[in-house]
Amino acid sequence: MKAFFAIVALTFRNAVRSHIFQLLLALLLICVIVIPVSVSVGKLDDLIRVSLLYSLWAVSIILTLSSLWLGCYLMSFDIDSYQIHMVVSKPVSRITIWLGKWAGINFINIILLLLSGIVIYGIVMIRYNAASEEGLLSDRVTARQNAQSEKERIRSQVLVGRRSFMPRKQDPDAAADFAVKNQLAKLREQGKQPADSEILKIREELRSQIDKLPIEVQPGKAYRWVFENIPADLNDAGLKLRYRPYLGKVATEDQRESHIQWAVYVPHTAQDGTSGLYPVSLTNGPEAHFTGIFHEKSLPPGVITAEGMVLIETANFDRMGGKHYYQQADGPKLLVPVCSFEMNYLRAMLVMMIQLLLLSGLACAFGGFLTMPTAVFMVVSYLLFGSLSMILTDESFFTANIWDHAGKFLASVLLMIVIPLQQFDVTDLLSNGELIEFSLIGELFGKYFLLRGVPLFLLGMFFYWRREMGAAVRK
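Read on for a plain summary of the structure. (Residues numbered from 1 in each chain as written. Predicted model: local features only at pLDDT ≥ 70, side-chain atom pairs only at ≥ 80, totals over all residues. Heavy atoms only, no water.)

With the rule as written, the count across this model stands at 20 aromatic pairs. On the basis of an interplanar angle of 40° and a centroid distance of 4.5 Å, the ring pair of Tyr243 and Trp262 is categorised as tilted. With Tyr243 in strand β4 (residues 240–243) and Trp262 in strand β6 (residues 257–269), this residue pair connects regions lying 19 residues apart in the sequence. For the pair Tyr243 and Trp262, one class covers both residues: buried. (Phe/Tyr/Trp six-rings, centres within 6.5 Å; stacked < 30°, edge-to-face > 60°. Helix = DSSP H or I, 4+ residues; strand = E, 2+ residues; numbered from the N terminus. Buried < 20%, exposed > 50% of the residue type's maximum accessible area, 1.4 Å probe, protein only.)

Glancing now at the nonpolar core. Taken as a class, soluble globular proteins show a tendency for nonpolar side chains to be buried jointly. Counting 75 residues, the largest nonpolar core has Ile48 and Trp98 as its most contacted members. Those elements giving two or more residues to this core turn out to be α1 (2–17), α2 (19–38), α3 (44–80), α5 (94–136), α9 (341–367), α10 (372–392) and α13 (438–466). Among the elements that make up this core, the one with the highest residue count is α9 (16 residues). Residues within four places of Ile48 in sequence aside, it is in contact with Val124, Tyr128, Ile154, Val158 and Leu159. Phe165, Leu239, Leu241 and Val303 belong to the second largest nonpolar core, which has 23 residues in total. (Core = buried A, V, L, I, M, F, W, Y, C linked by side-chain atoms within 4.5 Å. Contact = heavy atoms within 4.5 Å.)

The residue Asn109 is located in helix α5 in this model. In this structure Asn109 comes out as buried when scored by relative accessible area, which is 0%. Apart from residues lying up to four places away in sequence, Asn109 is in contact with Leu63, Ser66, Ser67 and Leu356.

The end-to-end C-alpha distance of α13, which contains 29 residues, comes to 39 Å, matching closely the 42 Å that a straight helix rising 1.5 Å per residue would cover. In the structure, α13 departs most strongly from a straight axis at Gly453, where the bend amounts to approximately 40° and where the proline Pro455 lies between one and four residues downstream. (Expected span 1.5 Å × (residues − 1). Bend = angle between axes of the 7 residues up to and from the residue.)

Residue Asn229 is not a glycine yet carries a positive backbone phi of 60°. Even without being a glycine, Asp254 presents a positive backbone phi close to 60°. Mapped onto the elements, Asp254 comes out in the loop between β5 (246–247) and β6. The class of Asp254 is exposed, set by a relative accessible area of 61%.

A few words on the sheet that holds strand β9 (residues 295–298). Read from one edge to the other, the open sheet built from 4 strands follows the order β1-β12-β4-β9, with strand pairing classed as antiparallel. Two strands bound the open sheet, and with one partner strand each, they are β1 (160–165) and β9. Here the average twist between neighbouring strands, direction ignored, is 40°. Pairing analysis gives 4 bridges linking β4 to β9, with the strands arranged antiparallel. (Pairing = 2+ DSSP bridges. Axes fitted to C-alpha atoms, helices over the stretch in contact; angles between N-to-C directions.)

For Arg13, the position within the fold is in helix α1. With 91 residues separating them in the primary sequence, Arg13 and Gly104 have C-alpha atoms 9.3 Å apart.

Read from one edge to the other, the open sheet built from 3 strands follows the order β2-β11-β5, with strand pairing classed as antiparallel. In this open sheet, the two strands that pair with only one neighbour each are β2 (215–217) and β5. Note: β2 against strand β11 (residues 324–326), 3 bridges, orientation antiparallel. Bridge pairing in β11 links Val217 to His324.

So, on to the packing of α9 against α10. Interaxial distance between α9 and α10 falls to 8 Å at its minimum, and their mutual angle equals 135°. Between α9 and α10, the angle is such that the two are oblique. Considering only the axes of α9 and α10, their crossing is right-handed. Contact residues: α9 offers Leu359, Leu362, Ala363, Phe366 and Gly367, while α10 offers Ala375, Met378, Val379, Tyr382 and Leu383. When grouped by side-chain class, the residues that make up the contact of α9 with α10 number 9 nonpolar, 1 polar and no charged. (Parallel < 35°, antiparallel > 145°, perpendicular 65-115°, else oblique. Left-handed = near helix turned anticlockwise from the far one by under 90°. Nonpolar A, V, L, I, M, F, W, Y, C, P; charged D, E, K, R; others polar.)

Here is the structure:
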């Protein structure tokens, strides 16, 4: 173990002396300090979300580059500069050398990540408290009350860790029939009458993309969402309904105020012993909502049925006859508080640590038997294959021709061996107050670090152990 810790210390010193590392460190400090301070948006909750999202994303990118550079540089530099010849001549195994360098790189990364995380958290909380106190110290009673309610709202919606429950997915056949009916109505309005074969093709294409199509609510109509497998002990846990309606089209532009009414069906037992569900409105009649942004409503207690179901209904009362759309990825979803923001923040740091452990291991694996430029190229190519494969398997990039089927199949095969880095991005969850589940962390660690990363680490160790160091001597 003495040799192992000596290699860790030597790796740390060599990394700190690297000019590229010093440049990345300077960029990290700029991103950590400047981004949270320079962000300026209208609302306090948006300020917190954007500060967290941009600063943590920037830190992740810089530490990713640092891990790749250090792993490839330090492994190949020792061989090219002949320093490794003095080490391997002593009773130290090459496996110990490899593990020592990997641990040294991660020692640096974890220190930088923790320092960055502490600074970002501190700056965000200082800005949050300063903005809140400014309103609370106002001379007007109304301003103080608004500031206090805004502070409580942000604490309950953003600076928190909430578990989310998504509604039951649509039946693909029924949804496809409904989408085809609307499509045919539009074509007939244009004076077109497609043949039966064309209708079947349209239906097949719509069915393959049904999970990506938004839910459409016609003016004067209602739509019901069903949530299943909700634990009964959450009846009094303060369930929230989070949703984002769009008007006319799923886009951020050309949105305006529209009227929507929400209701939840509450279990009820009558005096004669019969039980059923009766609707309870969440608003006093149709309520004005600005479309294109997220809204939240508190649910009354006792809305979960004995079967673990919650039924939510929305009605479109737009006064200009506009259609409402809801993206399935947005929800609506049910949210329940599970932990504090600080605990959720630590979970985000843990995910970023796992990512850095994985990246530094890949860099050391390739850098141990390849020249530095080749090692960097191999690692970057491997990660790009992972990201592109993830994109190609996304249904929004998929239609129904043979080449798309072939591309999707090839990408699915590649995803069995490559690592898509976007799976480690949890900044959206953190900035929206959604819980980073331990099951997600366990899946990332097991699926990508253990099952895909560790075999590549072992393969890199084997090639490093078998490498002929004399071949590195230049004539």
